[in-house]
2 protein chains.
Amino acid sequence: MARKTGSHSEITGPRIRAAAEHLFARHGYAAVSMRQIAAEVGVQAGALYLYTPDKQSLLADLMRDHLDGLLAACAALPPVNGPEARLDQFARFHIGYHIDRPDAVFVAYMELRNLEPANFTAIEALRRRYENTLEAILRDGRAAGVFAVPDTKLATLALIAMLTGVTNWYREGGRLGRAEVEAIYAAMALNAVGASPLPTR
Amino acid sequence: MARKTGSHSEITGPRIRAAAEHLFARHGYAAVSMRQIAAEVGVQAGALYLYTPDKQSLLADLMRDHLDGLLAACAALPPVNGPEARLDQFARFHIGYHIDRPDAVFVAYMELRNLEPANFTAIEALRRRYENTLEAILRDGRAAGVFAVPDTKLATLALIAMLTGVTNWYREGGRLGRAEVEAIYAAMALNAVGASPLPTR
DNA sequence: ATGCTATCTGAACGCATGTTCAGTTCAAGC
DNA sequence: GCTTGAACTGAACATGCGTTCAGATAGCAT
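What you see is a predicted model; the values in this text were computed from it and never measured.

**Q** How should I be thinking about the overall build of chain A in this particular structure?
**A** Of regular secondary structure, chain A possesses eight helices and zero strands. Expressed along its principal axes, the backbone C-alpha trace of chain A runs to roughly 70 × 40 × 30 Å. Counting every position in chain A, which comprises 201 residues, the buried fraction comes to 49%. Partitioning the contacts of chain A with sequence separation of at least 6, the portion at a separation of at least 24 is 68%.

Printed below as a string of structure tokens:
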């Protein structure tokens, strides 16, 4: 039997991507088979190939979509004045965005090594572009004399690692709420670069 | 032909573990086959089973050995006085130890999800024990009024993530030397918890 | 020189993999 | 009510997987 009532490509497509993202995050790209993804969606493995040319593209598309969304959301942030306020805003944004998408984040950061060279180059470029927005803030802050960082590139990577680490332990409904976590991390980020944390918003 | 001159188990065993560690770090546990490991060592796949009961044990042993070494080295640190000096020492130690073992670190942090439940529990306990040594420093510092951290557990995870992140980009002979990186990260760690960085040693 | 044993080979095992494709099914357009 | 075509099945494909094991090899003790 094929085509149960109401099943269309607009439904199945996203469901495949969601299942793949979830399974890739949980078990890793290489450890997940197309048949497992299909089973999660309730479909045979062959049907997946109506929605993706191959497994590799499925991974690359997930990562690209995540990073595109991240960059777009970051670019849409309301403008604020001064390096401290900008870093505070960036840190809170980064935490918030990543907390809401633990699976996508996990995949985007852990499966880089499973990308074919061409895909790797493209994804890596997006990642670098995001890092550059943070580094620009740090450079401006150092030029303005409000951040004390010996090396902006290193500080960028250190801050990103620290902020992204939140996805390793944060769970909805845990001991600490979203806003608290954002506030604490933003304060630590400002401290780390030698600035004073902003008063709690 | 078997047994080339001078080839003994004391040689082959470590070579297998080294090859496995390197390949697991590069491509991921699930993406690496026993035949690839064997080829790297210059041996047939069957020979691996003289040194490990199965692929899973190979992974678990690598991770356990790494964490055992980390805990032992951490415990062997010379005692220093005061939370600031202890955090400074811990940060430098962490950076230095991890910089020297990028493959082992990568495997120990990224392949947790590929461990069978029993192995996972054991490895996770070791990791937690290591984190606890840092959290103890932060608690003492807060009790002494020299660290300003709203939540020591959260600060612990944030610092570990930041410090471990160094393995993602550090390369021997790069722009920054080992000592510089250690100093910068130690300063950022102290800053992050609201303490003043120690004068450069 | 001979036998012993640790070390390793090479082939085989059953099974899972990513991918293809001829054929089936069903909602919608006429 | 018939036709069309998108959505999907189910079987098959070559290949590779982890693991096993009988047998070959070579250094060591005697």
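**Q** Explain empty space enclosed by the protein here, please?
**A** Empty pockets left among the atoms are what a rolling probe the size of a water molecule brings to light. Tallied over the entire structure, the rule returns one cavity of 30 Å³ or more. Looking at the largest cavity, its volume works out to about 80 Å³. Lining the largest cavity we find 16 residues, and of these G28 and R113 of chain A together with G28, R113 and N114 of chain B sit closest to its centre.

**Q** Could you clarify how one ought to interpret the nonpolar core in this entry?
**A** Here is a general trend for soluble globular proteins: nonpolar side chains tend to be buried in one another's company. One finds I37 and L159 of chain A together with I37 and L159 of chain B to be the most contacted residues of the largest nonpolar core, which totals 122 residues. The residues contacting I37 of chain B, other than those within four sequence positions of it, are I16, A19, A20, L23, F24, V32, L48 and L58 of chain B.

**Q** So what exactly am I meant to see when it comes to the UniProt feature "domain: HTH tetR-type" (unreviewed entry) in chain A here?
**A** Taken from the UniProt record, the annotation "domain: HTH tetR-type" (unreviewed entry) applies to residues 10-70 of chain A. For the annotated span residues 10-70 of chain A, helix accounts for 69% and strand for 0% of the residues, and the straight-line distance between the end C-alpha atoms is 23 Å.

**Q** What am I meant to see in the packing of helix α3 (residues 55-75) of chain B against helix α5 (residues 102-110) of chain B here?
**A** Packed helix pairs are characterised by how far apart their axes lie and by the angle those axes make with each other. Residues and elements named next belong to chain B. Two numbers describe how α3 lies on α5: the axes approach to 9 Å, and their chain directions differ by 115°. For the element pair α3 / α5, the angle class is roughly perpendicular. Read as a crossing pair, α3 and α5 show a hand that is left-handed. Across the interface between the two elements, L59, M63 and H66 of α3 pack against A104, V105, V107 and A108 of α5. Per-class residue counts for the contact of α3 with α5 are six nonpolar, one polar and no charged.

**Q** Is there a simple way to explain the packing of aromatic side chains in this structure?
**A** Each aromatic ring pair is described using two quantities: the centre-to-centre distance and the angle formed by the ring planes. All names here are of chain A. One pass over the full model with this rule turns up 10 aromatic pairs over all chains. Aromatic side chains F93 and Y97 sit 5.5 Å apart centroid to centroid with 45° between the ring planes, which places their arrangement in the tilted category. Of this pair, F93 and Y97 both sit in helix α4 (residues 83-99), separated by four residues, roughly a single helical turn. Taking the relative accessible area as the measure of exposure, Y97 reaches 12% and is therefore buried. Measuring from centroid to centroid gives 6.2 Å for W169 and Y170, while their planes differ by 65°, and the two rings are edge-to-face.

**Q** I would appreciate a short explanation of the relation of the copies chain A and chain B in the present structure.
**A** One copy of the chain maps onto the other through a rotation about an axis followed by a shift along the same axis. Mapping chain A onto chain B leaves a residual RMSD of 0.0 Å; the transformation is a rotation of 180° accompanied by 0.0 Å of translation along its axis. Here the transformation between the copies is reduced to the relation of a two-fold axis. Both copies share a contact surface, since 100% of the interface residues of chain A are interface residues in chain B too.

**Q** Would you take a moment to explain the interface of chain A and chain B for this structure?
**A** The interface is formed by 33 residues belonging to chain A together with 33 residues belonging to chain B. With both chains or domains summed, chain A and chain B bury close to 2600 Å², and 67% of this area falls on carbon and sulfur atoms. On the chain A side of the interface with chain B, the three residues burying the most area are R113, L154 and M188 of chain A, jointly 27% of the side's total. At the boundary of chain A and chain B, one finds four salt bridges. For the interface between chain A and chain B, the tally reads eight residue pairs in polar contact (both at pLDDT 80 or more). Counting residues per element, the side of chain A that touches chain B draws most heavily on helix α7 (residues 152-164) of chain A, which supplies eight residues. Split by residue class, the side of chain A that touches chain B holds 21 nonpolar, six polar and six charged.

**Q** I tried to follow the UniProt feature "DNA-binding region" (unreviewed entry) in chain A on my own but got confused; where do I start?
**A** Under the feature "DNA-binding region" (unreviewed entry), the UniProt entry names residues 33-52 of chain A. Taken end to end, residues 33-52 of chain A is 40% helix and 0% strand, and its first and last C-alpha atoms sit 14 Å apart.

**Q** Is there a simple way to explain the domain arrangement of chain A in this structure?
**A** Often the size quoted for an interface is simply the accessible area lost on bringing the parts together. Residues and elements named next belong to chain A. Looking at the assigned domains, one finds that chain A contains domain 1 (6-52) and domain 2 (54-192). Between the C-alpha centres of domain 1 and domain 2 the distance comes to 27 Å. Carbon and sulfur atoms make up 68% of the area that domain 1 and domain 2 hide from each other, which totals about 1400 Å². Counting every contact that joins domain 1 to domain 2 gives zero salt bridges. Linking domain 1 to domain 2 there are six residue pairs in polar contact (both at pLDDT 80 or more). Among the secondary structure elements, those contributing two or more residues to the side of domain 1 that touches domain 2 are α1 (9-27) and α2 (34-41). Here the side of domain 1 that touches domain 2 gets seven residues from one element, more than from any other, and that element is α1.

**Q** Just checking my understanding: could you explain the packing of α3 of chain B against helix α6 (residues 117-143) of chain B for this structure?
**A** Residues and elements named next belong to chain B. Here α3 crosses α6 at 20°, and the two axes come no closer than 10 Å. The pairing of α3 with α6 is recorded here as roughly parallel in orientation. The element α3 and its partner α6 pack so that their crossing is left-handed. Packed against α3, whose contacting residues are Q56, A60, M63, R64, L67, D68, L70, L71 and C74, the element α6 presents N119, A122, I123, L126, R127, R129, Y130 and T133 at the interface. The residue inventory of the contact of α3 with α6, partitioned by class, reads 10 nonpolar, three polar and four charged.

**Q** Help me understand the side chain of Q56 of chain A, please; the structure alone is not making it clear to me.
**A** All names here are of chain A. Tracing the sequence through the fold places Q56 in helix α3 (residues 55-75). Overall, the relative accessible area of 8% leaves Q56 in the buried class. Among the polar contacts made by the side chain of Q56, one reaches the side chain of N119 at a distance of 3.1 Å. Non-local contacts of Q56, meaning those with residues more than four positions away in its chain, are made with Y29, N114, L115, E116 and N119.

About the cut-offs
Residues numbered from 1 in each chain as written. Chains lettered and ligands numbered in written order. Predicted model: local features only at pLDDT ≥ 70, side-chain atom pairs only at ≥ 80, totals over all residues. Heavy atoms only, no water. Helix = DSSP H or I, 4+ residues; strand = E, 2+ residues; numbered from the N terminus. Buried < 20%, exposed > 50% of the residue type's maximum accessible area, 1.4 Å probe, protein only. Contact = heavy atoms within 4.5 Å. 1 Å grid on protein atoms, 1.4 Å probe; cavity = no way out; pocket = protein on both sides within 12 Å on 5 of 7 lines; lining within 4 Å. Points joined across faces, edges and corners; volume = space filled by probe spheres on them. Core = buried A, V, L, I, M, F, W, Y, C linked by side-chain atoms within 4.5 Å. UniProt positions renumbered as here; feature names shortened; annotations may be inferred. Axes fitted to C-alpha atoms, helices over the stretch in contact; angles between N-to-C directions. Parallel < 35°, antiparallel > 145°, perpendicular 65-115°, else oblique. Left-handed = near helix turned anticlockwise from the far one by under 90°. Nonpolar A, V, L, I, M, F, W, Y, C, P; charged D, E, K, R; others polar. Phe/Tyr/Trp six-rings, centres within 6.5 Å; stacked < 30°, edge-to-face > 60°. Least-squares fit on C-alpha atoms with pLDDT ≥ 70 in both. Buried area = accessible area lost by both parts, 1.4 Å probe. Salt bridge = Lys/Arg side-chain N within 4 Å of Asp/Glu carboxyl O. Polar contact = N/O pair within 3.5 Å; in protein donor to acceptor, adjacent residues only side chain to side chain. Domains from an automatic or database assignment.

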